[in-house]
Structures are given as structure tokens and as C-alpha cells.
Amino acid sequence: MKNQKITERALIVGYNGGVGQAVLSLLQHSQPGRQLRDRFETIFLLDKNPAASVDLANAKILEPMVIDSAETLARLIRTHGITQVVDFSSIDTVDCASVCDREGADFLCTSVEEWPGHGTMPTDEAIARLFPPRRPELKQRSHLIGSGANPGIVNAMVYAALEEFARRTGAQPTTEDLDLHSILITEVDTTTEIGAKYPDNVFAITWSPAHCLEELFERRSFSVRNGRSIDLGHRPIECWYQARCGDQLIEGMAVPHEETVTLARKFSNVEIAFIYRVPEAARVALGARSYRVPIEKWPTRRLHPPTTSKIEGFDRVGVLLCSRKYGELWMGFETNVSKGLELGTNATQLQVAAGVLAGWHQLGRVKGIHFVEDLDWREFLEISAEVLGSPIVVHDPDAPYLPLSERAQSRSGAQPVAIGAK
């Protein structure tokens, strides 16, 4: 009703990081963001390093603090009457979802995390905590895990790509009728810093350098099939794989990622993996450093505001459906850095923020721990497209049958090359 009092209150944890700032900008300056913002009486903002001010109509910045336990989060929920918690930090996903359920709040995060200082689990082990029999049975509230770009947008994109592939071939939109052997998430990030002259060993990346390096240096790359991780026999940094990303063939690393595991619940009869080509400066740094140097000692550079706005390039991310009968179909978003800069961010963070908004719009509909595949994927992609524009589709009916094992390359560092786009 028009005069009904709004009583919902959100808490954003880690609002002053790259993703948090991109989300705040969309909440204020995009139509789906404003629709979401206006659901709340107050949006409380928490960060250990807070901003002096924010451009958000109904925001309130809390005193700086670190959430070091689930009970600390519980006290914040009770003190401020929080009904939804949105996390962009490194608080433990399972512990915090559980306490949110107990305290009467929904929970959304972009990735699975563990408490800092408690060691880092390999990706497949970390996400195993979210599946039976280890998953807590949370029945009171809604807890959406992995709603960003990948995981997030790409999970929903698989369903759209299946429908588009079926429309073009006359098959049914199923992995069986399309005779798929692989679903590959592929991403190429070409962001560069204009005029930069830092040393070759500086790891320059468009999102968290620490989290990116943790992924690239996990002890093993894996794909997923039949609900099981398949060890590829190397660390991500030790091998490149060739795959289509839009109208280009890229060489990227097979990076352990959550969407490969959660998608396998729905598509168990195909092999699923994530192939990621990092920005060129990051690739140079990976080649320049000894792998024995501890990650925390790497010099790094963040390729996004406020660190720098002198950036250019694009981030292209999507899904590649590989068929034995019908070739390959790729569907995804290409986001130019300039589009991100208009909102005070970069292309990569804007894509993540779009996925946050898309999932947040549906937070509360599904009870317990769930993933983007459990949402209305059409609505999810409609909201994402309001921010990022229309997705790109490339179909190559003549693409050969290439299982992941045959895509492995030496570490050549080759540039992306254009290939047949139809």
C-alpha cells in the first residue's frame, strides 16, 4: 500500500571494497538499483576501513569494525533490526548464514568464504560444506550463495544459452538432446592501465589481488562431472587451455571456481570448468615471479578506482556450450571499462555488481541455502542486462569436438585470436 511503513533494514558488510562501491553506485544510479534501494527503511554500511561519506539516499555508515565471529554479526543484527545481510567481505559463509537464519535475517554473498586466519580450503572442499550431509538445514530465512558475475550471472546464462542453442538447431534445450559434452565458463579481461610503468613482477588485476592469487595458486585445477571433482593434474598457473570466449579463441587457466560445482548438481552428465585469461600485466607478473614466493609478499596493483581511473579495455565473460553434433555456442556479456568508469568502477566489478542486484531482487523467495540456479533465471538475466546491456551470442556449427583434456596447451602466453563468428 502507498502509505505502508517500510520496515526492512539491510546491512552491507565490506561496502568500501571494489564490489561494494560498485553496488552502492548501482543502488543510487540505476533503475533496478533504485527499485531495490527503496525497499529499505535504512541500508547500514559496515567496513573496517569506512569511507568518509557515500552517495546513497537512505544509507547509514556504522562505526568501523571487523566481524570476527558469527556472534558479532548476531549482535549487529539485533542492535539495528537487520532483515537482510549482504556480504562483500571474508566472513565465514556457513557460520554467518546460520546465525542470520537464527536471528531472522536473509543472507547474500558473492562467494564462499572462511574466517580469515583459519587457513584456506580448496574451492571444492569449501563449497562441499554447502551440500548434504554437511549443509546446515536452515529453514527460517533465505540464504543466496554466489550471486555475482561468476559465480552468479554465468549460472543463469547456462539456461539461456541452452534455449538459444536449441532454437538454432531444432533440438530440445537439454544437455542430452543437444548432445553436449562440456559446459565451459570462459572469461577474458583486457584491462590495462594507461601509461603504467611499474615493474614486471607487479600483479595488476581488476578485482582483489589476494583472492585472485589464492585461486591461481590452489594446489590443483579441477573440472567437475557427475558431481565429482576431476583433478587435472596441475595447479592453475601451470597450464593454459584454449577455448572460445565470444568471437575469440583465448588461452586461459583452468581456475577452481564455485559455479563449476553448483552447476554440476543440475548438469551432471557434462564436464564443467572455468577458463580465465587474466589481464596481460597479471600474466607477465605470473611469469616473472618464483612460485615459491608467498602470496602476501607479491607487489600488487588494483586496476579500478580509486586506485586508478586511467584504465581501458573490456571484460568478456559467459558460457560455452560444446556439442558433439552442433558445434559450439557462446553466450555472455562484454563490458567496456568506460561503462564501469561512468559509475566509479571498472568493467569486472560492474559485472559482479550487476549479479548482486539480480540476486538481491529475489532474496527471500527461496528458503535455506541455495544458489542462482535455484532462482528465476530469466528475471535474473533481465536485471543483469539492464545494467550490462544485451548479451552476445556466437554460434560456430563447425567447431570440432574438443574435450577439456584436448584443449591443454603449453604456457605460450599467446594473444587471443579471432575465430569464425556466425
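Participant: What am I meant to see in the pattern of salt bridges here?
Facilitator: Opposite charge on two side chains permits pairing when their charged atoms draw close. This model, assessed by the stated rule, comprises 24 salt bridges. In this structure, the salt-bridge partner of Arg-378 is Glu-163, at a minimum N-O distance of 2.6 Å. Of this pair, Arg-378 sits in helix H12 (residues 377-388) while Glu-163 sits in helix H6 (residues 153-169), and the two are 215 residues apart along the sequence. On the basis of relative accessibility, which here comes to 33%, the residue Glu-163 falls in the partly exposed class. Where Arg-365 meets Glu-379, a salt bridge forms, and the shortest distance between an N and an O atom there is 2.8 Å. Here Glu-379 lies in helix H12 and Arg-365 lies in the loop between helix H11 (347-360) and strand E19 (368-370), a separation of 14 residues in the sequence. A relative accessible area of 48% means that Arg-365 is categorised as partly exposed. When salt bridges that share partners are traced, they join Glu-71, Arg-78, Arg-102 and Glu-103 into one network.

Participant: When you look at the packing of helix H3 (residues 70-80) against helix H4 (residues 93-103) in this model, what are you seeing that I'm missing?
Facilitator: Each pair of packed helices can be described by the angle between their axes along with the distance between the axes. Look at H3 against H4: their axes get within 9 Å of each other, and the N-to-C directions meet at 35°. Regarding H3 and H4, the two cross each other, and that crossing is right-handed. Across the interface between the two elements, Ala-70, Glu-71, Leu-73, Ala-74, Ile-77 and Arg-78 from H3 touch Asp-95, Cys-96, Val-99, Cys-100, Arg-102 and Glu-103 from H4. Tallied by class, the residues present in the contact of H3 with H4 amount to seven nonpolar, no polar and five charged.

Participant: So what exactly am I meant to see when it comes to the packing of helix H1 (residues 18-29) against H11 here?
Facilitator: Contact geometry for H1 and H11: axes closest at 8 Å, N-to-C directions at 60°. Regarding the angle of H1 to H11, the classification is oblique. The crossing of H1 and H11 is right-handed. On the side of H1, the interface is formed by Gly-18, Val-19, Ala-22, Val-23, Leu-26 and Leu-27, while H11 contributes Gln-349, Leu-350, Val-352, Ala-353, Ala-354, Val-356, Leu-357 and Trp-360. Split by residue class, the contact of H1 with H11 holds 12 nonpolar, two polar and no charged.

Rules used in this analysis
Residues numbered from 1 in each chain as written. Predicted model: local features only at pLDDT ≥ 70, side-chain atom pairs only at ≥ 80, totals over all residues. Heavy atoms only, no water. Salt bridge = Lys/Arg side-chain N within 4 Å of Asp/Glu carboxyl O. Helix = DSSP H or I, 4+ residues; strand = E, 2+ residues; numbered from the N terminus. Buried < 20%, exposed > 50% of the residue type's maximum accessible area, 1.4 Å probe, protein only. Axes fitted to C-alpha atoms, helices over the stretch in contact; angles between N-to-C directions. Left-handed = near helix turned anticlockwise from the far one by under 90°. Contact = heavy atoms within 4.5 Å. Nonpolar A, V, L, I, M, F, W, Y, C, P; charged D, E, K, R; others polar. Parallel < 35°, antiparallel > 145°, perpendicular 65-115°, else oblique.

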